[in-house]
Structure formats: C-alpha cells, structure tokens
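# A look at the structure
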Amino acid sequence: MLPLVSVVIPTYNRLTKLSELMEALVLQTRKDFEVIVVNDGGESVDSLKEYYPELGLTTIDLMENVKHVQARNIGVSFAKGEFIMLIDDDDLIVPTHIETMLEKIKDADLVYSDVEIVHYEKKNGVREAKTRHLFAYELDLAAMRRFSTFVPSGCLYRSYLHDRIGKFDPEMKNYWDWDFFLRVSERFTVARSEVAGVLYDFSEENSNQSKDLNSMRFYLDRLSDKHNLGELPTKNFWLLLEESEVKKREASSKIVWNGMPMISRLQRLGRLEEA
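Reference entry: report on the structure contained in this document. (Residues numbered from 1 in each chain as written. Predicted model: local features only at pLDDT ≥ 70, side-chain atom pairs only at ≥ 80, totals over all residues. Heavy atoms only, no water.)

Another aspect to go through is the packing of helix 6 (residues 176–187) against helix 7 (residues 216–227). Here helix 6 crosses helix 7 at 10°, and the two axes come no closer than 11 Å. Judged by the angle between their axes, helix 6 and helix 7 are roughly parallel. On the side of helix 6, the interface is formed by Trp178, Asp179, Leu182, Arg183 and Glu186, while helix 7 contributes Leu220, Leu223, Lys226 and His227. Its residues placed into classes, the contact of helix 6 with helix 7 shows 4 nonpolar, 1 polar and 4 charged. (Axes fitted to C-alpha atoms, helices over the stretch in contact; angles between N-to-C directions. Helix = DSSP H or I, 4+ residues; strand = E, 2+ residues; numbered from the N terminus. Parallel < 35°, antiparallel > 145°, perpendicular 65-115°, else oblique. Contact = heavy atoms within 4.5 Å. Nonpolar A, V, L, I, M, F, W, Y, C, P; charged D, E, K, R; others polar.)

A separate point is helix 4 (residues 97–104). Among the residues making up helix 4, those that are buried are His97, Ile98, Met101 and Leu102. Buried residues along helix 4 cover an arc of 130° about the axis, so they all sit on one side. (Buried < 20%, exposed > 50% of the residue type's maximum accessible area, 1.4 Å probe, protein only. Arc of directions from axis to C-beta.)

The next subject is the pattern of salt bridges. Evaluated as defined, the whole model comprises 26 salt bridges. Across the pair Lys123 and Glu128 runs a salt bridge, and its minimum N-O distance is 3.8 Å. We note a salt bridge from Glu171 to Arg222, for which the minimum N-O separation is 3.3 Å. Here Glu171, found in the loop between helix 5 (160–165) and helix 6, pairs with Arg222, found in helix 7; they are 51 residues apart in sequence, far enough to count as distant. What makes Arg222 partly exposed here is its relative accessible area of 29%. Within the structure, one salt-bridge network assembled from shared partners comprises Lys17, Glu20, Arg127 and Asp201. (Salt bridge = Lys/Arg side-chain N within 4 Å of Asp/Glu carboxyl O.)

Among the nonpolar cores identified, the biggest contains 51 residues, and Ile9, Met22 and Leu25 are the most heavily contacted of them. A per-element tally of this core places helix 1 (residues 15–26) first, with 7 residues. Contact partners of Met22, with chain neighbours within four places excluded, come to Ile9, Val35, Val37, Leu48, Tyr52, Leu55 and Leu57. Within the second largest apolar cluster, 30 residues are counted, among which are Trp178, Val190, Leu229 and Leu232. (Core = buried A, V, L, I, M, F, W, Y, C linked by side-chain atoms within 4.5 Å.)

On to helix 7, then. The end-to-end C-alpha distance of helix 7 is 16 Å, a good match for the 16 Å that 12 residues give at a rise of 1.5 Å each. Close packing links the buried residues of helix 7 with helix 6. One or two steps after helix 7, the chain reaches Asn228, where phi turns positive at roughly 55°. (Expected span 1.5 Å × (residues − 1).)

Counted under the stated rule, the structure contains 15 aromatic pairs. Feature note: the residues Phe135, Tyr137, Tyr200, Phe202, Phe237 and Trp238 constitute an aromatic cluster, connected by ring pairs. Here the guanidinium or amino end of Arg127 rests over the ring plane of Tyr120, the centre of that ring lying 4.6 Å away. Here the guanidinium or amino end of Arg164 rests over the ring plane of Tyr160, the centre of that ring lying 4.1 Å away. (Phe/Tyr/Trp six-rings, centres within 6.5 Å; stacked < 30°, edge-to-face > 60°. Lys NZ or Arg CZ within 6 Å of the ring centre and 35° of its normal.)

Another point: the side chain of His97. Within the secondary structure layout, His97 lies in helix 4. According to the relative accessible area criterion, His97 is buried, its value standing at 2%. Here the side chain of His97 touches Gly154 through a polar contact of 2.8 Å, landing on its backbone oxygen. Setting aside its immediate chain neighbours within four residues, His97 contacts Gln28, Met85, Ser113, Gly154, Gly197 and Val198. (Polar contact = N/O pair within 3.5 Å; in protein donor to acceptor, adjacent residues only side chain to side chain.)

See below:
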C-alpha cells in the first residue's frame, strides 16, 4: 500500500537534531507515512536507518549542496503519498501532530499549524527549552500579503498542488515559503490548525535564515514584485510581532507539548557508551 503522507526533510550536517526528529516521528499516533530525508551534500545520515528501522527511511544523498529550497524540490519529487508534510531538520512535532493535521485538511488543500518558537540550551548534549513563545495568528488572507504567519515546518498539503502550480521557487531563498503560500491560496483552500503542534527552533546557535536581516531586502523585493505586494517592511522578526496590525491577529491555541526534551536513540546510545 502507498503511504498516506510523505514527510520530506532536507538536512545538512545536523545529525543529532535530525535524530531527535526521527524520535518524534516514531512517537506519532498515525503511522501511515513515509519519511524522505534529503541529505544536501552533508555528512552521512545513513546511521539513522539502523537506529529507526521501523521508519523505513528513504535517504537521498546529494553530491553537492544545492541549498534548502532545491533540496525540498528533490524530496517532493520522490514522494508517494497523497499528502506531503514538510519538516525542517532542527524542528520537532508533537506525537499527535500528523493525526491532527489529517483531520484538519479534510476540507482544505493545505493546512499549516500554530507553533511554539523555542530557544534551546544544550545540557549534556540534549536540547532543553530555555524559553517558549506561542506563535498563533488568525488566518487572514489579505493580511498574509503584508506579514506571513505561515510556518512551513509541519504543514500538510495535497501532493497534487505541485502538479498544478509547480514546485518551490529556488529563486526565493529567504521567502520560498511565503511565495508558496501565496501561490496556493490564490487558487486553493488553505486552513490553520489551532494547535501548537510544531516546535520551531529559534536558538542563537541556529543558522536560521529568518534571523539574517542582511540578505532579506533583496528577496523581499523579489517576492513583492512577483505578487504585487507593494512596499514591505524589513525589520527584526521580534519587532514585527509587536506591530499593531500583527498584534491584532494574535489568536488562542491549544498547547500540547509538555516541555520535556526529545532524546533520540542515537543520543541515548551515545550516553550509554560514554558511561
């Protein structure tokens, strides 16, 4: 039988964090999914097949680093599921996430989740939450043209969308996700899951592109030209959240994460070997 959901994960030299995500996938209450890991020219991730044999991992090893957008495009081209779920290699999902998203997408073509933005600190090789910030906003398509609250990590959509609107735009390095959302919402139905089912890593050590203000303007202008968005502000992410037009969209959400760290089999075995 074909999998219902194809989970696509691009990765580059984050084996430990990726192993934590594998642990999160093993714990899912819905099991009818496949996992496709696109190794974007980094260190081998094949050891995860031994640590998590029940996931039946498909790993795609790229000879060179093609960057995250093209890596996702390669991953979705291998997907066999009716639905595709994107997850970043440093993010986590709660055990009920896939089940919740499948229920929510019944009347939609794409559904995205509320998230908790987490600043981690490492203790004995394990990421523990230092701070947690709820990121939950009402879905307002007009407002989404000014400030996107679409988080692609953990989103779920029908695989036929790529047949109808194409894959992710590799020319949109910083705003590929916002671009994808706008392209989908122009022709299809989108929905928001009012459950904070995704743990989004925003730690200081994380090389997250959304914190890099230097390269934002070029891609923001490109996005604006592509979708006729007009002048868009370039500000620090946290300052943007305090803007009045963003604040008024704040919404309640169901918090389901118990705050406990996700410890993978790779980490547990490593700790045992050290002992």
